[in-house]
Amino acid sequence: MFRIKNLTKIFYGGEEVRALNDVSFEINDGELVAIIGKSGSGKSTLLNIMGLLDSASEGGYYINEKKASSLPEEEKARLRNMEIGIVLQDFALVERYTVSQNIAIPLIYSKKNLNKEKSIRDILNLVGLSEKKDTPSYKLSGGQKQRVAIARAVINNPSLILADEPTGALDSKTSEEIMELFLKLNKEGKTIVIVTHDKQIAQKCNRIIELSDGKIVSDTDLTR
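Here goes a summary of the coordinates provided. Bear in mind that the values here come from a model prediction, so they are computed numbers and not experimental data. All chains use their own residue numbering, which begins from 1 and follows the written sequence. Note on the predicted model: pLDDT of at least 70 is required for a residue's local features to be given, and 80 or more for side-chain atom pairs to be given and counted; whole-chain, interface and lining totals, by contrast, use all residues. In computing side-chain values, all of the structure's heavy atoms are included and hydrogens and water are not.

Examining the sheet that holds strand β1 (residues 2-13)
A pair of strands is treated as paired once DSSP finds two or more bridges between them. Elements are defined by DSSP. Helices are runs of H or I of four residues or more, strands are runs of E of two residues or more, and each kind is numbered from the N terminus. Pairing within the open sheet is antiparallel, and its four strands lie in the order β2-β1-β4-β5. Only two strands of the sheet have a single neighbouring strand rather than two, namely β2 (15-27) and β5 (66-67). Here strand β4 (residues 58-63) pairs with β5 via two bridges, running antiparallel. Pairing of Y62 across the sheet is with K67, part of β5.

As for the nonpolar core
Residues enter a nonpolar core if they are buried and are Ala, Val, Leu, Ile, Met, Phe, Trp, Tyr or Cys, with the set joined through side-chain atoms within 4.5 Å. For the exposure calls, accessible area comes from a 1.4 Å probe over protein chains only, and a residue counts as buried if that area is under 20% of its type's maximum, exposed if over 50%, partly exposed in between. Counting 39 residues, the largest nonpolar core has I103, M179, F182, L185 and I194 as the members making the most contacts within it. Taken together, the elements giving at least two residues each to this core come down to β3 (32-36), α3 (99-109), α4 (116-126), α5 (142-154), β7 (160-164), α6 (172-187), β8 (191-195) and α7 (199-203). Leaving out residues up to four positions away in the same chain, I194 has contacts with L32, V33, A34, I35, A163, P166, M179, F182 and C205. Counting residues in hydrophobic clusters, the runner-up holds 26 residues, among them F25, I49, Y61 and L211. Two residues qualify as a contact provided that any one of their heavy atoms is within 4.5 Å of a heavy atom in the partner residue.

As for the packing of α5 against α6
Axis lines are fitted through C-alpha atoms, for helices just across the contact stretch, and the angle between N-to-C directions can take any value from 0 to 180 degrees. Packing of α5 against α6 leaves a shortest axis separation of 10 Å and a crossing angle of 20 degrees. For the element pair α5 / α6, the angle class is roughly parallel. At the point where α5 passes α6, the crossing takes the right-handed sense. Only T174, E177, I178, L181, F182 and L185 of α6 make contact with α5, whose side of the interface consists of G143, Q146, R147, I150 and V154. Amino acids outside the nonpolar list (Ala, Val, Leu, Ile, Met, Phe, Trp, Tyr, Cys, Pro) and the charged list (Asp, Glu, Lys, Arg) are all regarded as polar, and Gly is one of them. Residues that form the contact of α5 with α6 fall into these classes: six nonpolar, three polar and two charged. An angle below 35 degrees is read as roughly parallel, one above 145 as roughly antiparallel, one from 65 to 115 as roughly perpendicular, and any other as oblique. Working rule for handedness: look at the near helix, and if it is turned counterclockwise from the far one by less than a right angle, call the crossing left-handed; if clockwise, right-handed.

With respect to the packing of aromatic side chains
Geometry of aromatic contacts follows a simple scheme: Phe, Tyr and Trp rings, the Trp one being its six-membered ring, pair when their centres are within 6.5 Å, and the pair is stacked under 30 degrees between planes, edge-to-face over 60, tilted otherwise. According to the stated counting rule, one finds zero aromatic pairs in the structure shown. Comment: the charge-over-ring label is applied if NZ (Lys) or CZ (Arg) is within 6 Å of the ring centre and within 35 degrees of the ring normal. One residue, R3, lies across the ring of Y62, its end atom 4.2 Å from the ring centre.

As for the sheet that holds β8
Read across the sheet, six strands follow the order β6-β7-β8-β3-β9-β10 without closing on themselves; strand pairing throughout is mixed. For this open sheet the edge positions go to β6 (84-87) and β10 (215-221), each flanked by a neighbour on one side alone. The sheet shows a mean angle of 15 degrees between the axes of neighbouring strands, direction not considered. In this structure, β7 lies alongside β8, joined through five bridges in parallel fashion. Within the sheet, the bridge partner assigned to L162 lies in β8 and is V193. Most of the contacts of α5 go to β6, to which it runs at about 170 degrees, and overall it touches β6 and β7.

None of this, on its own, says anything about what the molecule does.
Next comes the structure, spelled out in structure tokens:
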């Protein structure tokens, strides 16, 4: 379970800006959640805190009842590597690396007992890129790059996958294919949180949390 409790994030710079204002919610294991809202609503700030890439000004973030937000930076880095997979809109691949090399990057720091070659082979098959394993990333299409980014995010078998506008740079057909991959991962038990502007993508999730001016204005369970 992932729990956000009374979370506030304040940015200072000339004037005080509350990017998040007393936000609280829980995400159960196996949920597929969309976080929506206009630009500046606090979506990406929230995702960065959940990914342990940023810290809250007030409140707490708990992973399986452990207060992750209060851990030392070294412990946050370890927890992020072991338990959290992050997918970015711009893919963030090493362009000169092959598909397999990009996917293997998290394994360099992993302390999990994984068979590296088998893990990469299984993930390549999962995302439909087995034939591209030795292809440099700069030769891939946008959709293929996003599949590599997703594969890299799940190679360590994390508890939580966070995706920040994962279809924002893709055409509608490719966006649909990427969303189908997230649905497949969710059916296999992955907990996934997707920040998106795309209402069609959000509607495919189990739940939609809407932010406005740093506050939750709605939290809708689409399974009911």
